[in-house]
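Residue-level structure breakdown
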Amino acid sequence: MQIRLYTTMDRDVREFHPIDPNDVRIYSCGPTVYDVAHIGNMRSFLSMDLLQRVLRTVGGYKVRWVMNITDIDDKTIDGSRVGSARWLPAMGTQTGDVRENLRAFTTYYEDVFRQDITTLGIQPSDFYAMPRATDFIAPMMDLIKDIVAAGFGYVSDGSVYFNVNAYRKHYTYGRLFTIDVEHFREGVRIDADEYDRESVSDFVLWKGRKEGEPSWDLEIDGVPLPGRPGWHIECSAMSKELLGLPFDIHTGGVDLRFPHHEDEIAQCCAGYHVQEQANYWMHNEFLEIEGKKMSKSLGNFFTLRDLLDREYDPLDIRFAMIGSHYRALFNFTIDGLAASVKARERVQDYIYDLADVMAASVITEHRPSVHSLRTSVFAELADDLHTPKALAALFSFMNDHKAVTLSASDAEIVLGVLQELNNVFAVWSFGPRPAVVVPDDVTTLAEQRWAARAEKNWAESDRLRDAINALGWSMMDGKTSYTLEKL
């Protein structure tokens, strides 16, 4: 099925045509491992996972997916310093070697990140590589040398900077995000790894050595420049080394359009002499909490582990996040999560019902319309990963095709489509229907209520019904017996 994707470079949706249909190459900007990733970060990584799953399942492509691990930048260095508040006992004892401390610090948070994304259903086996930036210092230094040699970089005070003004004479700067280049501050240099869009000026490629920071030995034109790479150079070098240039798709959050991704493009054009780093640029929107920007000061800052501590199911969290279109601002609410729980369970129950129909070998009239399910649902996923419309198509089909009305052969067809769909959503189970285990206290109350009804003690019956509901169960009365269902 033909995939269509929105690319930030064109500000439009266009058909996806890979460079090599047998090797679709995706580079995703991964985490900076200085802390536990928050759920806004997780929304971005789930959007990337959704993309590669749709390409594999709906498009039928083979995918080579790379997500980098930023283990050296201002934040990771600050966190790894001796006496840093971020240093945890689990990381071990700090040493006098700043590079060893950085490795221990970032390894701890990298392990946490890997555990968290696995909990959310992002499979480690789907990655071609998850490279650490510090393992690619040599290619970064080579790229910096090439940028300087091409006339787009210069040395100043022991650091190396990218000359944006020189670059603008040959290339467009500001392709992904509209920036005010008319107020470009020529000669002004920025050393910080992250900066605001208003700071259109020369950015750092290589930071000269500072006391207490890890450093490597770069040499340009015979001049030693001990230091460490800037943030932007990392992804340019790593994407080229692992995927080659140009590759198919570059992904990240909308906050990375400028300066990070714009500077990546500039570095690749200047140093590798390519017109494009990637053919498609895809960016997911932010996440809000109850209509407000997530912030520690507002008390609405959550990590995945915070939500798990509140006993939310990670599958429901995954379903809620990928059920919203990746380019739409996602408002994470308790009510919204509850609605996602019900929606996911509705499909899960439908899957169990289909299996029951197949097991019972129900013979009814064949319904040709069952063959429309795959086309209708997958067409929406193929159209810029539109999960809300895909789910709407699925629920519409379920409304029109109750499981009990299907023949065993039709149920098998529908179940096969849902199994394919689960390769994208990864939130449903296709094993036997689990037995319902009713707690003893609920069973006791139900027996008491059944006896009260037999005695026509309606007030007591109502009181016991409310007590059963309060424990999360519903009691349905039949002519000769009752049933209990989880609310």
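If you're wondering where the values come from, they're calculated on a predicted model, not measured in any experiment. Throughout this document, residue positions are counted from 1 along each chain, in the order its sequence is written. The predicted nature of this model means local features are confined to residues of pLDDT at least 70 and side-chain atom pairs, given and counted, to a pLDDT of 80 or more, with totals for whole chains, interfaces and linings taken over all residues. To get the side-chain values, take all heavy atoms of the structure and skip hydrogens and water.

**Structural notes on the overall build of the protein**
- Per the secondary structure count, the protein includes 15 helices and 17 strands.
- Along the first, second and third principal axes, the C-alpha atoms of the protein reach 95 × 55 × 35 Å.
- Intrachain contacts of the protein at a sequence separation of at least 6 include 74% that bridge at least 24 residues.
- Here the protein displays about 21,900 Å² of accessible surface, and carbon together with sulfur accounts for 49% of that area. Helix and strand definitions here come from DSSP, where helices need a minimum of 4 consecutive H or I residues and strands a minimum of 2 consecutive E residues; each element is numbered from the N-terminal end. Every residue pair with non-hydrogen atoms within 4.5 Å of one another is taken to be in contact. Computed with a 1.4 Å probe, the accessible areas rest on the Shrake-Rupley method; for each residue, only the protein chains presented here act as cover.

**Observations concerning the pattern of salt bridges**
- Salt bridges are counted wherever a side-chain nitrogen of Lys or Arg sits within 4 Å of a carboxyl oxygen of Asp or Glu. Counting across every chain of the model gives 29 salt bridges.
- The residue arginine 81 makes a salt bridge to glutamate 213 at a minimum N-O spacing of 3.7 Å. Linking arginine 81 in the loop between helix H2 (74-80) and helix H3 (98-119) with glutamate 213 in the loop between strand E8 (202-208) and strand E9 (216-220), this pair joins segments that are 132 residues apart in sequence.
- Note that aspartate 116 is salt-bridged to arginine 305, the shortest N-O span being 2.8 Å. Here aspartate 116 is found in helix H3, whereas its partner arginine 305 is found in helix H8 (residues 304-309), with 189 residues between them in sequence.
- Burial classification: accessible surface area is computed with a 1.4 Å probe over protein chains only, and a residue below 20% of its type maximum counts as buried, one above 50% as exposed, and the rest as partly exposed. In this structure aspartate 116 comes out as buried when scored by relative accessible area, which is 2%.

**Focus on the state of the cysteines**
- Two cysteine sulfur atoms make up a disulfide if the distance between them is within 2.5 Å. Taken as a whole and judged by the stated rule, the model has zero disulfides.
- With no disulfide partner, cysteine 235 has as its closest neighbouring cysteine sulfur the one in cysteine 29, 3.9 Å distant.
- Between cysteine 269, a cysteine without a disulfide, and cysteine 268, which holds the nearest cysteine sulfur, the sulfur-to-sulfur distance is 7.0 Å.

**A word on the sheet that holds strand E3 (residues 24-28)**
- Overall, parallel pairing links the four strands, which are arranged E4-E3-E11-E12 in an open sheet. With partners counted over all chains shown, the strands left at the sheet margins are strand E4 (63-67) and strand E12 (278-284), one partner each. Strand-to-strand twist of the sheet, defined as the mean angle between neighbouring strand axes without regard to direction, takes the value 20 degrees.
- The pairing of E3 with E4 spans five bridges and is parallel. Directly across from serine 28, in E4, lies its bridge partner methionine 67. We call two strands paired when DSSP finds no fewer than two bridges between them. Axis geometry follows a simple rule: fit a line to the C-alpha atoms, using only the stretch in contact for helices, then measure angles between N-to-C directions, giving values from 0 to 180 degrees.

**Let's talk about the sheet that holds strand E14 (residues 292-293)**
- Sheet architecture is open: three strands sit in the order E14-E13-E15, paired in mixed fashion. Two strands bound the open sheet, and with one partner strand each, they are E14 and strand E15 (330-332).
- Pairing of strand E13 (residues 287-289) with E15 involves three bridges; the strand directions are parallel. The partner of isoleucine 289 across the bridge, within E15, is phenylalanine 332.

**Some remarks on the pairing of strand E17 (residues 482-486)**
- Where strand E16 (residues 473-477) and E17 come together, five bridges link them in antiparallel fashion. Bridge pairing in E17 places serine 474 opposite glutamate 485.
- Connecting the antiparallel pair E16 and E17 is a turn made up of four residues.

**A few points about the packing of helix H11 (residues 372-382) against helix H12 (residues 387-400)**
- Direction vectors running N to C along H11 and H12 enclose 165 degrees, while the axes themselves pass 7 Å from each other. Taken together, the axes of H11 and H12 are roughly antiparallel relative to one another. The element H11 and its partner H12 pack so that their crossing is right-handed. Contacts between H11 and H12 involve Leu373, Ser376, Val377, Glu380 and Leu381 from the first element and Thr387, Lys389, Ala390, Ala393, Leu394 and Phe397 from the second.
- Classification convention: Asp, Glu, Lys, Arg as charged; Ala, Val, Leu, Ile, Met, Phe, Trp, Tyr, Cys, Pro as nonpolar; all other residues, Gly among them, as polar. Here the contact of H11 with H12 is composed, by residue class, of seven nonpolar, two polar and two charged. Angular relationships are summarised with four words: roughly parallel below 35 degrees, roughly antiparallel beyond 145, roughly perpendicular across 65 to 115, and oblique for the angles in between. Helix crossings are classified by the rotation of the near helix relative to the far one: an anticlockwise turn of less than a right angle makes the crossing left-handed, while a clockwise turn makes it right-handed.

**Side note on the packing of H11 against helix H13 (residues 408-425)**
- Contact geometry of H11 with H13 gives a least axis separation of 10 Å together with a crossing angle of 15 degrees. Of the possible angle classes, the one that applies to H11 and H13 is roughly parallel. Where H11 crosses over H13, the handedness of that crossing is right-handed. On the side of H11, the interface is formed by Leu373, Arg374, Val377, Phe378 and Leu381, while H13 contributes Val414, Val417, Glu420, Leu421 and Val424.
- Its residues placed into classes, the contact of H11 with H13 shows eight nonpolar, no polar and two charged.

**A few points about helix H14 (residues 440-454)**
- Multiplying one less than the number of residues by 1.5 Å gives the expected span of a helix. In a regular helix each residue adds 1.5 Å, so 15 residues correspond to 21 Å; H14 covers 21 Å between its end C-alpha atoms and thus fits that length.
- If you check which residues of H14 are buried, you get Val442, Leu445, Ala446, Arg449 and Ala452. The buried residues of H14 occupy an angular sector of 120 degrees when the element is viewed end-on, so they sit on one face. Set apart from the buried face of H14 by more than 90 degrees, the exposed residues are Asp440 and Ala454.
- Each element contacted by the buried residues of H14 is listed here: helix H15 (458-470), E16 and E17.
- Just downstream of H14 lies lysine 456, where phi reads positive at about 60 degrees. The arc in question is traced by the directions running from the helix axis to the C-beta atoms.

**With respect to the packing of aromatic side chains**
- Any Phe, Tyr or Trp ring, taking Trp's six-membered ring, that has another such ring centre within 6.5 Å forms a pair; planes under 30 degrees apart are called stacked, those over 60 apart edge-to-face, and the others tilted. Taken as a whole and assessed by the stated rule, the structure comprises 21 aromatic pairs.
- Here the aromatic rings of phenylalanine 105 and tyrosine 109 are separated by 5.3 Å at their centres, their planes lie at 70 degrees, and the arrangement is edge-to-face. With phenylalanine 105 and tyrosine 109 both in helix H3, this residue pair falls four residues apart, about one helical turn.
- The buried category is assigned to phenylalanine 105, whose relative accessible area is 0%.
- Take tyrosine 109: its relative accessible area is 5%, and that puts it in the buried class.
- Clustering of aromatic rings is evident, with ring pairs tying together Phe152, Phe162, Tyr167, Tyr171, Tyr173, Phe203 and Phe258.
- Any Lys NZ or Arg CZ found within 6 Å of a ring centre and within 35 degrees of that ring's normal is scored as a charge over the ring. One residue, arginine 14, lies across the ring of tyrosine 280, its end atom 4.1 Å from the ring centre.

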